[in-house]
Every structure is written in C-alpha cells, then in structure tokens.
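# Structural overview for review
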Amino acid sequence: MISWGVDAIIIVPSDEEALADAFREIRSEGIDLFVIGDYIENSPEGTVFFSNDYYVLGLSHANWIRSGSDFNADSVIYLYYASDANGQLYKQGVLDGLAVLDMPGAITCVEVTGLQDIDHALNDWFEEHGGEEVKENVTYSSAFAERVLQYYHAHGYSDAASGTGIRAFSDPTDEDAPLGYDDEYAAYLSSVGQSIADTIQTVLEGGEPENATEINGCYVVYYDFVPGYIKYVSR
C-alpha cells in the first residue's frame, strides 16, 4: 500500500510490536495513519488513534449498576479488570462512581492477568460463603464475563431472569445476545462509524481532528464503548 502511494491507511492492530516499524514507515512517506485502538507509545507524530476512555467507562458502569432497581449499599460486587493501564483506569472509574455510597468491604477488585485469576477469586468466595449469591460481577471485557458465566454454570447455576448479575461492555462472545442488544449494538456501530469517518475526512482535507487529546504529537479521539449487557444466573 505504501508503494501504491495511498493517501491514508487505517489499521486495527493486533500486535503493537510488529506494527511499530510499519507505523514509522507509513508516516515517513507522508501517508496519514489512523489506528482504531488504544494509544501506542512511541508512535510517529501525526498518527490518529480512535480509542475509548476507560475511566469514563468505569464511571458510566458504576451509574449503570446503581440504577438497578434491586441494587443497594449491601450488594456484594466483584470487579474484574486487566492489569494494564486501561484496566486500572476502569477500576478507578467504577470505584469513584460508587464512592457516593457507603460500601465498606462490599467491593472486591480482581486484577486479571490470566482467566484463571477469575476462577481463583470465585473459588475463594464459594469456599467462604458456600455459593451464596454475589449480587454483581462487573467487567468491561466480554471474555472476562463469559469466564464468570462458565464458572457459575459449572457450579450448578443456570441462566435466569434475575439473580446474580454478570455485567459487561462490548459484544457478547456467544450467539445468545440479550434481548434487544443487537439493535443497540447496530445503532452504536452506525454512530461511532460515522464519527470515525468524519474525523478521517477532516484530516484528509488538511484539518486537525476535533475534540482530540494530543499525546506526544499524536491525536487520540475518544468515543463511547459499545452498549452494556447483563446476564443473570441462579440456582
């Protein structure tokens, strides 16, 4: 694509290290580079990232939890987050969002470096409380949420209309998306897709991205996460 003389390249990176040299080569040829993903350190100046604000997500997720009709300050919450910087931001957002409630000891934060960390945390809960229901299992990762769901299924729980909640943002990894989620997800994709397209057009026309945060000469445009979904399990 570089040899063809394209005006712009859009990348959804799966390997930051493998793409580092490519990023530099693209920009050295004067080609506009757009990355749909989180900011990557040491990227060449002028690179535009389309990313999510994980702290704001945490605040929004806390509001979502609090809005539940059966939620109260005695609810037991397990919060799962990745060990990277974005995971830390998400955790802090959730905690700050719930800080208006007096919930000492009711929130257990689980740093996930591997999916087995989720199993270990739930094992501790089941051993201590005999499987009595945690009110909420909260995360931004559908992979984490599905691991929690698998754990409960393996311990005699089944899908239900209410009970222990498993909340996540992002697209469910199984085919049984919650009722109404597909419509919300389609609307989200349309909105975010148009926003990304508008930003790309602005840059190609020689302008700077609107409402962007500048980091080391790069631009980070934040947009909302996909709609949240919740599943319930019960005995």
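Residues numbered from 1 in each chain as written. Predicted model: local features only at pLDDT ≥ 70, side-chain atom pairs only at ≥ 80, totals over all residues. Heavy atoms only, no water.

## Focus: the overall build of the protein
- Of the regular secondary structure elements, the protein holds six helices and 11 strands.
- Each of the 235 residues in the protein was classed as buried or not, and the buried ones make up 43%.
- In the protein, the share of contacts with a sequence separation of at least 24, taken over all contacts with a separation of at least 6, comes to 74%.
- As presented, the protein carries roughly 12300 Å² of accessible surface, and 45% of it is formed by carbon and sulfur atoms. (Helix = DSSP H or I, 4+ residues; strand = E, 2+ residues; numbered from the N terminus. Buried < 20%, exposed > 50% of the residue type's maximum accessible area, 1.4 Å probe, protein only. Contact = heavy atoms within 4.5 Å. Areas by Shrake-Rupley, 256 points an atom, 1.4 Å probe, with all protein chains shown as cover.)

## So, the environment of tyrosine 80
- Along the chain, tyrosine 80 falls in strand S4 (residues 77–82).
- According to the relative accessible area criterion, tyrosine 80 is buried, its value standing at 1%.
- Not counting residues within four places of it along the chain, the set of residues in contact with tyrosine 80 comprises Tyr90, Val110, Val112, Ile118, Leu122, Asn137, Val138, Thr139, Phe144 and Val148.
- A polar contact of 2.8 Å, which involves the side chain of tyrosine 80, links it to the side chain of asparagine 137. (Polar contact = N/O pair within 3.5 Å; in protein donor to acceptor, adjacent residues only side chain to side chain.)

## Side note on the confidence of the model for the protein
- Summing up the model confidence of the protein, the mean pLDDT is 84 and the portion of residues at 70 or higher is 85%.
- Looking at the elements of the protein, mean pLDDT is at its lowest for strand S8 (residues 164–169), recorded as 76, and at its highest for strand S1 (residues 8–11), recorded as 94. (pLDDT = per-residue confidence, 0-100.)

## Digging into the packing of aromatic side chains
- By the definition in use, this model includes 12 aromatic pairs.
- Pairing tyrosine 78 with tyrosine 80 gives two aromatic rings, centres 6.3 Å apart and planes at 50 degrees, and the pair type is tilted. Both residues of the pair, tyrosine 78 and tyrosine 80, belong to the buried class.
- When the centroid spacing of 6.5 Å and the interplanar angle of 50 degrees are considered together, the rings of tyrosine 140 and phenylalanine 144 count as tilted.
- An aromatic cluster is defined as three or more aromatic residues linked by ring pairs; in this entry it consists of Tyr54, Tyr90, Tyr140 and Phe144. (Phe/Tyr/Trp six-rings, centres within 6.5 Å; stacked < 30°, edge-to-face > 60°.)

## Thoughts on the pattern of salt bridges
- Summed over the entire model, instances satisfying the criterion amount to four salt bridges.
- Of the charged contacts in the structure, one is a salt bridge between arginine 27 and aspartate 32, with a shortest N-O distance of 3.9 Å.
- For arginine 27, a relative accessible area of 22% gives the class partly exposed.
- The shortest N-O distance in the salt bridge between arginine 147 and aspartate 119 comes to 2.7 Å. Taken as a pair, arginine 147 in helix H5 (residues 142–154) and aspartate 119 in helix H4 (residues 116–129) lie far apart in primary sequence, 28 residues in all.
- Under the relative-accessibility criterion, arginine 147 is labelled partly exposed at 23%.
- Since its relative accessible area comes to 19%, aspartate 119 is described here as buried. (Salt bridge = Lys/Arg side-chain N within 4 Å of Asp/Glu carboxyl O.)

## Topic: the sheet that holds strand S10 (residues 218–222)
- If you walk across this open sheet you meet the five strands as S1-S2-S3-S10-S9, and the pairing is mixed. The sheet is open, and its two edges are formed by S1 and strand S9 (212–215), each paired on a single side. Each strand of the sheet is rotated relative to its neighbour by a mean of 20 degrees, with strand direction disregarded.
- By the bridge criterion, four bridges tie S9 to S10 in an arrangement that is antiparallel. When the sheet's bridge partners are listed, glutamate 214 is paired in S10 with tyrosine 219. (Pairing = 2+ DSSP bridges. Axes fitted to C-alpha atoms, helices over the stretch in contact; angles between N-to-C directions.)

## What to know about the packing of H4 against H5
- Between H4 and H5, the least distance of the axes is 10 Å, while the angle of their chain directions is 40 degrees. One way to sum up the angle between H4 and H5 is to call them oblique. Relative to H5, the crossing made by H4 is right-handed. Facing H4, whose interface residues are Gln116, Ile118, Asp119, Leu122, Asn123 and Phe126, H5 presents Phe144, Arg147, Val148, Tyr151 and Tyr152.
- When the residues that make up the contact of H4 with H5 are grouped by side-chain class, the tally is seven nonpolar, two polar and two charged. (Parallel < 35°, antiparallel > 145°, perpendicular 65-115°, else oblique. Left-handed = near helix turned anticlockwise from the far one by under 90°. Nonpolar A, V, L, I, M, F, W, Y, C, P; charged D, E, K, R; others polar.)

## Here's the deal with the side chain of lysine 231
- Within the fold, lysine 231 resides in strand S11 (residues 228–234).
- Given a relative accessible area of 13%, lysine 231 falls into the buried group.
- Polar contacts involving the side chain of lysine 231 include one to the side chain of glutamate 146, which spans 3.1 Å.

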